[in-house]
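Fold and contact review
Residue-level listing of the chains:
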Amino acid sequence: MPRYDFRCRSCGATFELRRPMAQANDPALCPQGHEDTVKLLSTVAVTGAATGRPAPAAGGGSGGGGGCCGGGCCG
Ligand SMILES: [Zn+2]
């Protein structure tokens with residue numbers, strides 16, 4: 001059963017509830033009894049840095065360097 005994080009806007013407390021996905025958007029009640037709560041984003045979506053940058057071109061191609069082609073011509 002997925003876990004959902006909520007934040008109470010009345011007292012500022014954050015709490016988590018385990019509930020079926022069908023009730024994910026249902027209003028949650030603060031442990032202190034407040035009804036003014038908002039559902040936070042899933043903690044899965046806010047992980048740390050991911051490797052999203054493109055890797056440098058491997059295998060060469062038309063570079064700007066002078067000298068060996070980098071292939072097999074010099075070997
Ligand atoms: Zn509260």
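Residues numbered from 1 in each chain as written. Predicted model: local features only at pLDDT ≥ 70, side-chain atom pairs only at ≥ 80, totals over all residues. Heavy atoms only, no water.

What follows deals with the nonpolar core. By size, the foremost hydrophobic cluster in this structure holds seven residues: Tyr4, Phe6, Cys8, Phe15, Ala24, Ala28 and Cys30. With three residues, strand E1 (residues 3-8) is the largest single contributor of residues to this core. Setting aside its immediate chain neighbours within four residues, Phe6 contacts Ala13, Thr14, Phe15, Leu17, Arg19, Ala24, Asp26, Ala28, Val38, Lys39 and Leu40. (Core = buried A, V, L, I, M, F, W, Y, C linked by side-chain atoms within 4.5 Å. Buried < 20%, exposed > 50% of the residue type's maximum accessible area, 1.4 Å probe, protein only. Helix = DSSP H or I, 4+ residues; strand = E, 2+ residues; numbered from the N terminus. Contact = heavy atoms within 4.5 Å.)

Distances from the zinc ion to its protein donors, Cys8 (SG), Cys11 (SG), Cys30 (SG) and His34 (ND1), fall at 2.0 to 2.4 Å. Coordination geometry of the zinc ion: the four donor atoms subtend angles of 103 to 123 degrees at the metal centre, consistent with an arrangement described as tetrahedral. Between consecutive donor residues of the zinc ion, the sequence gaps follow C-x2-C-x18-C-x3-H. A residue is classified by how much of its surface remains accessible, and Cys8, at 1% relative accessible area, is buried. Taking the relative accessible area as the measure of exposure, Cys11 reaches 39% and is therefore partly exposed. (Donors = N, O, S within 2.8 Å, 3.2 Å for Na, K, Ca; no water. Tetrahedral: all angles 85-135°; square planar, octahedral: opposite > 155°, others 65-115°.)

Along the chain, Arg19 falls in the loop between strand E2 (14-18) and strand E3 (37-39). Leave out the neighbours within four places in its chain, and Arg19 touches Met1, Pro2, Tyr4, Phe6, Ala24, Asp26, Pro27 and Ala28.

These figures come from the coordinates and say nothing about function on their own.
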